[in-house]
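So you can see what is in the structure, the chains are spelled out below.
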Amino acid sequence: MVQDTKTMENSLNLRRMICETNILSRSDCSAALSQGATQVMVAANGPAEVKLRNAESENCHIEVQYRPNAGQEDIQHRLMESLIKRSFVRVVATPAFCHSTVYVHVQEMTDKGGLLACSINATCLALITSGIELNFTVAAVHCIMTEDGVMILDPDHKQMKQAHSSFTFVFDSITKNTVTSYVHGSFTFEEYEKVVGVCREAVDKIFNFYRKVSQNITKVVTDDS
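Starting from 1, residues in each chain are numbered consecutively following that chain's sequence as written. For this predicted model, a pLDDT threshold of at least 70 governs which residues receive local features, and a threshold of 80 or more governs which side-chain atom pairs are given and counted, while totals over whole chains, interfaces and linings are taken from all residues. The side-chain values count all of the structure's non-hydrogen atoms but skip hydrogen atoms and water molecules.

**As for the confidence of the model for the protein chain**
So, step 1. Across the protein chain, pLDDT averages 86, with 86% of residues at or above 70.
So, step 2. In this model, residues 1-10 is a region of pLDDT below 50 whose contacts with residues beyond four sequence positions or in other chains number one contact. Summary of the metric used: pLDDT quantifies the predictor's per-residue confidence within the range 0 to 100. Contacts: residue pairs with any heavy atoms within 4.5 Å of one another.

**A few points about the environment of Thr222**
So, step 1. In DSSP terms, a helix is any run of H or I states spanning at least four residues, a strand is any run of E spanning at least two, and both are numbered starting from the N terminus. Among the secondary structure elements, Thr222 is positioned in strand S10 (residues 220-222).
So, step 2. Relative accessible area serves as the criterion here: at 13%, Thr222 is assigned to the buried category.
So, step 3. Along the chain, Thr222 and Phe209 lie 13 residues apart, while their C-alpha atoms are 7.9 Å from each other. Exposed residues in this analysis have more than 50% of their type's maximum accessible area, buried residues have under 20%, and partly exposed residues fall in between, with area computed by a 1.4 Å probe over protein chains only.

**Comments concerning unusual backbone geometry**
So, step 1. For Asn22, which is not a glycine, the phi torsion comes out positive at approximately 50°.
So, step 2. Even without glycine at this site, Asp154 takes up a positive phi of about 50°.
So, step 3. Among the structural elements, Asp154 can be located in the loop between strand S7 (151-153) and strand S8 (163-172).

**What to know about the packing of helix H4 (residues 115-128) against helix H5 (residues 189-215)**
So, step 1. Contact geometry for H4 and H5: axes closest at 10 Å, N-to-C directions at 35°. Between H4 and H5 lies a crossing of right-handed hand. Judged by residue contacts, Asn121, Cys124, Leu125 and Ile128 of H4 engage Ile206, Phe209, Tyr210, Val213 and Ser214 from H5. Angles run from 0 to 180 degrees between N-to-C directions of axes, and those axes are lines fitted to C-alpha atoms, restricted for helices to the stretch in contact. Here a crossing is called left-handed whenever its near helix is offset anticlockwise from the far helix by less than a right angle, and right-handed whenever the offset is clockwise.

**A word on the environment of Phe88**
So, step 1. Inspection of the secondary structure puts Phe88 in helix H2 (residues 75-88).
So, step 2. Here the alpha-carbon distance between Phe88 and Val179, two residues 91 residues apart in the chain, equals 8.8 Å.
So, step 3. Not counting residues within four places of it along the chain, the set of residues in contact with Phe88 comprises Ile62, Ile120, Thr123, Cys124, Leu127 and Val138.

**Observations regarding the packing of aromatic side chains**
So, step 1. Pairing of aromatic rings covers Phe, Tyr and the six-membered ring of Trp, with a centre-to-centre limit of 6.5 Å; geometry is then stacked below 30 degrees between planes, edge-to-face above 60, and tilted otherwise. Inspection of every chain in the model, using the stated rule, returns seven aromatic pairs.
So, step 2. Here Phe169 and Phe171 contribute two aromatic rings whose centre-to-centre distance is 6.2 Å and whose plane-to-plane angle is 40°, an arrangement assigned as tilted. For the pair Phe169 and Phe171, one class covers both residues: buried.
So, step 3. Ring centres 6.0 Å apart and planes at 25° place the aromatic pair Phe187 and Tyr192 in the stacked group.
So, step 4. A relative accessible area of 22% means that Tyr192 is categorised as partly exposed.

Laid out in structure tokens, this is it:
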């Protein structure tokens, strides 16, 4: 019984985060983020002139392109683009850039679990370093639940094999409300609410990490630095 409790407690920790910003000279801003062994590189450009077909009266138009580290792009990658875009629709300051486009290029480097959350967090870090005015920031947390009802926060690829259900939640930095969510598997409403609560508590660590990065733009930042 004590061993099970320890396992659960140890499973509710985020993996180590490392970020390096402005690493690509040909982009307006860029960030490489590692969460555990999962790594994503994001380049962003803009605001730029919007194409007429994409012009929106109130929102900045966001173009997201996701590239896998190997193989052909497929429908799963289109879903990644859609979820990333949806997470940032309200983030870019709309009054200033309502007739502009921000181009975001997400490059998968290694996928060892939590790839969607890492991609969203890397995108936010790139935008933070861009100088673009943001309404707020967002951060994503990934969590799984095993068939025995044990939650594992920010699981790696080995722990993912135990997943009975998977949850990725994106929270805003102001009220920590859910901006976007992507869930699959079977679970009860009570389990869902429990996972949301654990992820909402954990996201504070990511927002604190953002602050460290913004204060050390030209440095490599780790979450224990």
